[in-house]
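# Inside the fold
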Amino acid sequence: MIDFLDKHLETAIELVHNFDKTKEKKWEAKDYLNELYVQLGHVYNVLYGDPYVNEKNRKIDNLGDELSDVLLQLINLADILNIDMYEMKMMQEEDYQDVSGLPILMGQLSEIIMEMSNCRFKKERVGYRTSHDFAKERIFKLFIITYNIAMKHDLDMIKEFGDMVEDANGFLNRFEPKKAEYIDIYDEKERYLGYSEKKKAHELGLFHKVIGCLILSKDKIYFQLKNPKHNGVHEKEYLEITAGGHLMSGETLKGGVREIEEETGLNVLFEDLTFLEKRICDKRIKENYIIKEFQYFYYLDIHHFSLLNFKNYDKEEIVSFVELKINDVIRLLNGKRKRIKGKKLREEKEVETIVTLDDFDPDFLEEGLYHVLLSKIKSKRVNTKKKLRGLKGSIRKASIIRRKDFIRNGLCISVMASEEQENYIVNVAIGHKEGLLEKVFQNYNAAMKYFECLISYVENTAGSEIITDCYEEKHGK
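Note that the structure is predicted; figures quoted are calculated from it, not measured.

What counts, and where the lines are drawn
- Residues numbered from 1 in each chain as written.
- Predicted model: local features only at pLDDT ≥ 70, side-chain atom pairs only at ≥ 80, totals over all residues.
- Heavy atoms only, no water.
- Helix = DSSP H or I, 4+ residues; strand = E, 2+ residues; numbered from the N terminus.
- Rg over C-alpha atoms; globule rule 2.2 N^0.38 Å.
- Buried < 20%, exposed > 50% of the residue type's maximum accessible area, 1.4 Å probe, protein only.
- Contact = heavy atoms within 4.5 Å.
- Areas by Shrake-Rupley, 256 points an atom, 1.4 Å probe, with all protein chains shown as cover.

## Describing the overall build of the protein
The number of helices and strands found in the protein is 13 helices and 15 strands. Against the 2.2 N^0.38 benchmark of 23 Å for 477 residues, the protein shows a C-alpha radius of gyration of 31 Å, more extended than a compact globule. Seen through its principal axes, the protein has C-alpha atoms that stretch 90 × 65 × 40 Å. The 477 residues of the protein split such that 46% are buried. Long-range pairs, those at least 24 residues apart, make up 63% of the contacts in the protein with a sequence separation of at least 6. As displayed, the protein offers around 27,000 Å² of accessible surface, 47% of which is attributable to carbon and sulfur atoms.

Printed below as a string of structure tokens:
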């Protein structure tokens, strides 16, 4: 065994680190412990293969390779736990080779690693100075049994391990992340069940979560023109909600802004979205395409915006974007108009276009989605205007040069740069609190620089933090 360590110890640690590129997150000791369980399962599969429990269409029959994987994970765990594998020299004469000892030792190792990771209550290990000593002996015994099993089957583990490393490096050289997208799956009560490939989820009709967002600016609303080749559901281009899509496995609604950013090319903060409603969709679109979704809809109100702001959008999924007047869309939906005028993005230019109901995704129209969302947006905007009206009344009279308004967590926040006599004033007002933060500059460029810093700060900070930070800044705390 010592000869084995001399030959492969450093190689093993390097190989495990090289496999980091195949992982979606950084692994901890608990993750490597789970991987060790996987590899031990493969060893049992080779030794005691049973068709009843074997995984279909997966051949596992190379004992030397599977034992090498176990040794690899044990060496790596020792490295993570700062255990010197050469201390195993004092135990190398032990000839225990009963495979039944492996699950017992694995249970003990799992327990102590959970305790050391603060995932389980701690207990005293009689006969051991520390938990580290107990974990070290479990790893050494697991290594010895594994190595002795190889000897029992006349395997040269130095050669077997070398072959495994060569195969693994070949795999890493060919490795490319899978293009298949995985989404989390739920039951009808939205209780988490696991994950599935997105395509399979729609084929089988499995519940999952999606996020949708309408982008507005003053009296305008924006729709995306979906590329029918993207998912093959429809045969023609249809207008759909501005942006949205599936939450990937492990992703929260807050993380779902990724989908909005990818489709629109815009930088979006979840805190700037206003929630509209949650819907449950359960319908069959095609023979092999079933929609069972928990749909979460939001809107994003941007003060200064146009079609030209859609620059780095997903051109494979989206053909273009269309700008329409909100009231015109409502009249079209209510049957008071047969067609409405709007603008369409074409080669980074705005061109005039005509829109009818036939241009919208018929599934969304059938569900009355836009009726509901636009009604709720109208109601929420009325409430927002009332708040902003109170805010405007609190601002002292001055010649405003620049201004940007935000609604954050129900708070009306305004960042302003104004000119008064020979001075330039940069002001942050929240609600009816005039001058929550105010600075006076004699130089225009300095004032504008500070104004831009405040805009960036407000865009990336929660409302409650802004109040606290402005107060401390104003009072020099």
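Picking up after the structure, the text goes on.
## Focus on the environment of Asp 65
Within the secondary structure layout, Asp 65 lies in helix H3 (residues 63-80). Taking the relative accessible area as the measure of exposure, Asp 65 reaches 22% and is therefore partly exposed. Put simply, Asp 65 and Val 43 are 22 residues apart on the chain and 9.0 Å apart in space, counted from C-alpha to C-alpha. Setting aside its immediate chain neighbours within four residues, Asp 65 contacts Glu 160 and Met 164.

## Quick look at the side chain of His 202
Along the polypeptide, His 202 turns up in helix H7 (residues 198-204). With near-sequence residues (within four places) excluded, His 202 lies in contact with His 208, His 246, Asn 288, Tyr 289, Ile 290, Ile 291 and Glu 293.

## With respect to the environment of Ile 260
Counting through the fold element by element, Ile 260 comes out in helix H8 (residues 257-264). When its relative accessible area of 1% is taken as the criterion, Ile 260 is described as buried. Distance from Ile 260 to Phe 270, taken between C-alpha atoms, is 10.0 Å for residues ten residues apart in sequence. With residues up to four places along the chain from it excluded, the contact list for Ile 260 reads Ile 211, Cys 213, Ala 243, Gly 265, Val 268 and Leu 273.

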